[in-house]
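Examining the three-dimensional arrangement
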Amino acid sequence: MKLPGGTIICARNASSYYDAVIVGGGMVGNAMACSLGAKKSFQSKSVLLLDAGRSPSLSSFESGAPFNNRVVATSPTSIDIFKKLGVWERINSHRAKKVNRLFVFDSCSTSEIEFERGQNEEVAYIIENDLIVGSLYEKLADYKNVDVKTGAKVEVCSIPNGLENMATIKLENGDVIETSLLIGADGVNSKVRHASNVDYTTFNYNQHGLVGIVNIETANGKNETAWQRFTTLGPVALLPLSDTISGLTWSTSPEEAQRLKQLPADQFVDELNSALFSQDDQLPYVNQAIFALNKMNPFRTETFGRKAEGTTPPHIISVQDKSRASFPLGFGNAHSYITTRCALIGDAAHRMHPLAGQGVNLGWSDVQILDKILGDAVREGADIGSITYLREYDSAAQKHNLPVMVSVDLLNRIYRTDAPAIVAARAFGLNAFNSLGPVKNFLMNYLSAHR
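All figures in this text were calculated on a predicted structure; none of them were measured in a lab.

Attention now moves to the environment of Asn223. Topologically, Asn223 is positioned in the loop between β12 (200-217) and β13 (225-230). Taking the relative accessible area as the measure of exposure, Asn223 reaches 2% and is therefore buried. Considering only alpha carbons, one finds Asn223 and Ser242, 19 residues apart in sequence, at a separation of 6.7 Å. Sequence-distant contacts of Asn223, defined by excluding residues within four places in its chain, comprise Lys97, Ile216, Pro240, Leu241, Ser242, Asp243, Ile245, Ser246 and Pro314. At 3.3 Å, the side chain of Asn223 forms a polar contact with the backbone oxygen of Ile245.

Another aspect to go through is the side chain of Thr340. Mapped onto the elements of the fold, Thr340 is located in the loop between β18 (338-339) and β19 (342-344). Excluding residues that lie within four positions of it along the chain, Thr340 makes contacts with Ile159, Pro160, Asn161, Gly162, Leu163, Gly385 and Ile387.

So, about the packing of aromatic side chains. Inspection of every chain in the model, using the stated rule, returns 9 aromatic pairs. Centroid distance Phe82 to Trp364: 4.9 Å. Interplanar angle 75°. Geometry classified as edge-to-face. You can see Phe82 sitting in helix α2 (residues 76-85) and its partner Trp364 sitting in helix α10 (residues 359-379), a full 282 residues away along the chain. The same class applies to Phe82 as to Trp364, namely buried.

With that settled, consider the pattern of salt bridges. Where charged atoms from two side chains of opposite charge approach closely, those side chains can pair. In this structure the tally under the stated criterion is 13 salt bridges. A salt bridge links Asp383 to Arg341; its shortest N-O distance comes to 2.9 Å. One end of the pair, Asp383, is in the loop between α10 and α11 (387-414); the other, Arg341, is in the loop between β18 and β19, with 42 residues separating them in the sequence. Residue classification places Arg341 among the buried positions, given a relative accessible area of 0%. Among the ionic pairs, Arg413 bridges to Asp409, the shortest N-O distance being 3.0 Å. Of this pair, Arg413 and Asp409 are both found in helix α11, 4 residues apart, which corresponds to roughly one turn of the helix.

What counts and how
Residues numbered from 1 in each chain as written. Predicted model: local features only at pLDDT ≥ 70, side-chain atom pairs only at ≥ 80, totals over all residues. Heavy atoms only, no water. Helix = DSSP H or I, 4+ residues; strand = E, 2+ residues; numbered from the N terminus. Buried < 20%, exposed > 50% of the residue type's maximum accessible area, 1.4 Å probe, protein only. Contact = heavy atoms within 4.5 Å. Polar contact = N/O pair within 3.5 Å; in protein donor to acceptor, adjacent residues only side chain to side chain. Phe/Tyr/Trp six-rings, centres within 6.5 Å; stacked < 30°, edge-to-face > 60°. Salt bridge = Lys/Arg side-chain N within 4 Å of Asp/Glu carboxyl O.

Structure representation (structure tokens):
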């Protein structure tokens with residue numbers, strides 16, 4: 001039920017039953033609720049979304065309103081999911097910046113890699129987190145089979161060992177809810193995952209992600225490239241939000257992140273420009289070897305970053321007031337995303353370094369996989385909490401997520417050192433991959449088709 005002010009409330013009694021309960025109403029939890037609400041085979045099922053917070057209003061994202069400092073590089077696969085859910089037009093009508101190119105380069109060498117799409121295609125769209133959350137939340141009002149409780153804080157979850165009992169959720173206000181399937185989308189510190197007793201591997205990177213909103217200028221007046229430079233202080237990424245504004249993500253040590261946050265704005269801008277443009281850490285002998293190898297490579301084309309006009313990184317003019325913030329970075333993965341009457345999705349199931357901007361995209365992939373499995377279970381008249389069906393979700397999601405997570409973890413470790421031997425090895429590897437046009441094009445086409 002929806003109130004005149006726009007808040008959706010649960011219309012059922014305090015102690016009640018739902019076929020599926022989703023704990024966590026962020027980007028992934030809201031998407032899961034929309035997916036089940038839109039599913040024809042689920043129209044006879046009841047779904048409850050428990051959101052501990054309040055959904056952001058889409059009026060906050062009108063043209064000219066300040067940008068939020070938490071943004072996501074949304075992949076073509078994820079855009080397809082939004083289109084299927086009927087929320088893409090809602091998101092795109094506010095503000096979503098199309099990125100045609102991704103350019104990665106190294107502060108210690110001239111090695112680089114470029115991924116580029118045509119004008120009618122995209123590498124990604126850069127979108128504010130809360131715009132996605134708010135758009136999905138508004139869409140939920142269209143579904144009669146979905147109830148939403150906002151401000152609903154979970155006190156404890158209980159997950160049975162077998163199908164003879166239901167999973168139960170007790171809220172801090174005393175409400176008790178039973179369900180055939182408890183879906184945990186409640187983030188890194190998931191209470192649902194804790195209740196499931198699945199093994200969980202986790203470690204911290206001793207890094208913080210510093211985020212902010214910066215005003216920029218480019219040589220050609222366009223801001224259509226996402227930039228990432230590996231520096232001795234950590235990777236710096238600029239994600240376009242408009243032709244004059246970009247979102248910043250800078251992964252560095254906790255101490256350095258704190259120092260950068262506290263710098264006066266003009267000093268911060270100077271250090272950020274230095275991190276993007278400084279040549280002080282370049283290793284000449286590595287660059288000479290790269291140059292020699294390039295001369296012998298039949299696939300090599302002109303270097304993108306240094307030869308093409310208007311394709312150097314944007315110059316940072318200023319940082320927007322109060323936009324700087326930081327958060328700890330870590331790795332985590334549940335050994336199993338499921339148990340009887342329980343499934344984990346998004347950060348509740350896995351956590352990765354933001355280096356490649358893939359974290360939440362993996363969460364939306366979880367939604368797509370679980371949605372299909374639950375649809376199969378309903379059509380075949382099975383219990384949706386059955387481990388038989390949920391095991392298919394676990395297998396498919398783990399196979400999809402782990403290679404990405406491990407690769408990003410390895411990449412982060414390789415680029416955290418300035419040891420000459422490792423710098424040389426990574427420089428040759430990155431440069432060789434960028435030089436092999438046929439291989440790179442195959443990878444781009446594969447990733448675009450893997451939807």
